[in-house]
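# Examination of the molecular architecture
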Amino acid sequence: MALKYVNEIDLSGKNVIVRFDFNVPLSKDGSGQITDTTRVDRALPTIKYILENGCRKLIMMSHLGRPKGEFKPEFSFEPVAKYLAKKLEEEVLLTESCTDQGIKTMLKINDQKIILLQNLRFHKEETKCETNFAKLLASYGDVYINDAFGTSHRKHASTYEIVRYFNKNEIAGGFILKKEIEALSKITENPQTPFVGIIGGAKVSDKIKIIDRLLVNVDKLIIGGAMAYPFLKAKGHNIGKSLCSDEDVSLARLILTGTKAAKLKLPVDHVVSTSPNENAEIVNGRDVPENKMGLDIGPKTVNQFKECLVGAKTVLWNGPMGFFEKENFSKGTFAIANALAELNAFTLVGGGDSVSAIKKSGISDKISHISTGGGASLEFIESGTLPCIQALKFGIE
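Residues numbered from 1 in each chain as written. Predicted model: local features only at pLDDT ≥ 70, side-chain atom pairs only at ≥ 80, totals over all residues. Heavy atoms only, no water.

### So, the packing of aromatic side chains
Applying the stated criterion to the full structure yields five aromatic pairs. With a centroid separation of 5.5 Å and 85° between ring planes, the pair formed by Tyr49 and Phe175 is classed as edge-to-face. Here Tyr49, found in helix 1 (residues 38–52), pairs with Phe175, found in helix 6 (residues 175–188); they are 126 residues apart in sequence, far enough to count as distant. Owing to a relative accessible area of 22%, Tyr49 belongs among the partly exposed residues under this scheme. When the ring of Phe71 is compared with that of Phe122, the centres are 4.9 Å apart and the planes differ by 65°; the resulting orientation is edge-to-face. Linking Phe71 in the loop between strand 2 (57–61) and helix 2 (78–88) with Phe122 in the loop between strand 4 (114–116) and helix 4 (124–127), this pair joins segments that are 51 residues apart in sequence. Residue class for Phe122 comes out buried when judged on its relative accessible area of 9%. Over the face of the ring belonging to Tyr5 we find Lys178, whose NZ or CZ atom lies 5.8 Å from the ring centre. (Phe/Tyr/Trp six-rings, centres within 6.5 Å; stacked < 30°, edge-to-face > 60°. Helix = DSSP H or I, 4+ residues; strand = E, 2+ residues; numbered from the N terminus. Buried < 20%, exposed > 50% of the residue type's maximum accessible area, 1.4 Å probe, protein only. Lys NZ or Arg CZ within 6 Å of the ring centre and 35° of its normal.)

Below, the structure is given as structure tokens:
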């Protein structure tokens, strides 16, 4: 069964409740300023489509941060409400809570069209996927839209259980969901070859499933960043003080003894230091000195990884090549980013650190798709779908 999208259902005269991902970063100086509006900006096409196609009310909901089921003013949606009002040039009414008795009154007022529910995670019932909480949220709308791809791998009340209270012709995905599914399907369904995967980040255990899945489909799998050190240690190399756990070494050893291990491409030299705050030096070889830690891939590795990308037609990148937040250890990550920008290929970048690196490198517009959901995009690649997408397609029994 094909997933319906917001432009395929009747919105005229309806109260439309939409789950977005407005989990934006806020400044830490107490001013409440949004430091990166990307997630709200990407939601604007869905918001504007609903407003322009005859809805009676638009009720928006999302989570922000991890307030752990209680009200915390630093996680209030007030900055988001103000930003949306400015972008839409319309008043956006922020509720006191998701269960505020005044919401039903707001829904009856004709001149108030846009409502933003206060942070869903001020209620512990949200992450517990509590039925009565989902039923209350559903009662605010005649139509339910999920445009929160980044949280669609989690069975929460507003993303999963809520679907139970709508008919199939009253639920759909938004435009963010549509774009993500179409882009990720180019990775999961007959990707153009040569297909190269690039995996970085810290823990093998966090990405073991994606590595196993990719090794089946890719022609080459580049492993960089802290992710590389368990593999190098499993192969008998000295990794010094580099980030690594015994569990990850065991997992790496399993992968290295598999039938697809020849596809793995590991660093051949490193940029190291005694700590991220000290000066960098290059180690010409795979072994890291005992008193040093690997913090970036070295120049030989950069060249070899770039050679692996030559001629690629599909590239997936998740995880930086080093501690790129520090200039001394950013060259490897930015070199790979620039190499992607020059390819005549479908390139997909997912994961918070990878997305941040792409933005810092200034080549965002040269990447085919930058995913809004790190964990969700990885899980989609692992399984070909997500629980909340399945709920939209088939409902909940």
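### Brief notes about unusual backbone geometry
The linkage connecting Thr193 with the following residue, Pro194, adopts the cis geometry, with an omega of 0°. Structurally, the position occupied by Pro194 is in the loop between helix 6 and strand 7 (195–199). Backbone geometry places Cys129, a non-glycine residue, at a positive phi of 55°. Mapped onto the elements, Cys129 comes out in the loop between helix 4 and helix 5 (131–138).

### Quick word on the pattern of salt bridges
Throughout the structure, instances matching the rule amount to seven salt bridges. Across the pair Asp21 and Arg39 runs a salt bridge, and its minimum N-O distance is 3.9 Å. You can see Asp21 sitting in the loop between strand 1 (15–19) and helix 1 and its partner Arg39 sitting in helix 1, a full 18 residues away along the chain. Judged by relative accessible area, Asp21 falls into the buried class, the value being 10%. The partner of Glu78 in a salt bridge is Lys82, with the nearest N and O atoms 3.4 Å apart. Of this pair, Glu78 and Lys82 both sit in helix 2, four residues apart, which is roughly one turn of that helix. With a relative accessible area of 42%, Glu78 lands in the partly exposed category. (Salt bridge = Lys/Arg side-chain N within 4 Å of Asp/Glu carboxyl O.)

### Notes on the packing of helix 10 (residues 299–309) against helix 11 (residues 331–341)
Where helix 10 contacts helix 11, the axes come no closer than 10 Å and their chain directions differ by 20°. When the axis of helix 10 is compared with that of helix 11, the two are roughly parallel. The two elements helix 10 and helix 11 cross, and the hand of that crossing is right-handed. Side by side, helix 10 and helix 11 meet where Val302, Phe305, Lys306 and Leu309 of the first sit next to Gly332, Ala335, Ile336, Ala339 and Leu340 of the second. (Axes fitted to C-alpha atoms, helices over the stretch in contact; angles between N-to-C directions. Parallel < 35°, antiparallel > 145°, perpendicular 65-115°, else oblique. Left-handed = near helix turned anticlockwise from the far one by under 90°. Contact = heavy atoms within 4.5 Å.)

### So, the layout of surface pockets
In this structure, the largest pocket encloses a volume near 1100 Å³. If you list the elements that add at least two residues to the lining of the largest pocket, you get helix 1, helix 2, helix 12 (352–361) and helix 13 (374–383). Partitioned by chemical class, the residues of the lining of the largest pocket number 11 nonpolar, 21 polar and 11 charged. When its volume is computed, the second largest pocket comes out at roughly 500 Å³. Taken together, 31 residues line the second largest pocket, and the ones lying closest to its centre are Gly201, Ala202, Ala226, Leu243 and Pro320. Counting residues per element, the ones that place at least two in the lining of the second largest pocket are helix 7 (204–217), strand 12 (293–297) and helix 12. (1 Å grid on protein atoms, 1.4 Å probe; cavity = no way out; pocket = protein on both sides within 12 Å on 5 of 7 lines; lining within 4 Å. Points joined across faces, edges and corners; volume = space filled by probe spheres on them. Nonpolar A, V, L, I, M, F, W, Y, C, P; charged D, E, K, R; others polar.)

### Some thoughts on helix 6
For helix 6, spanning 14 residues, the distance from its first C-alpha to its last is 20 Å, which sits close to the expected 20 Å at 1.5 Å a residue. What helix 6 keeps buried is the set Ile176, Leu177, Glu180, Ile181, Ala183, Leu184, Ser185, Ile187 and Thr188. Asn190 occupies a position one or two residues after helix 6 and carries a positive phi of about 50°. (Expected span 1.5 Å × (residues − 1).)

Interpretation in functional terms is not warranted from these geometric data alone.
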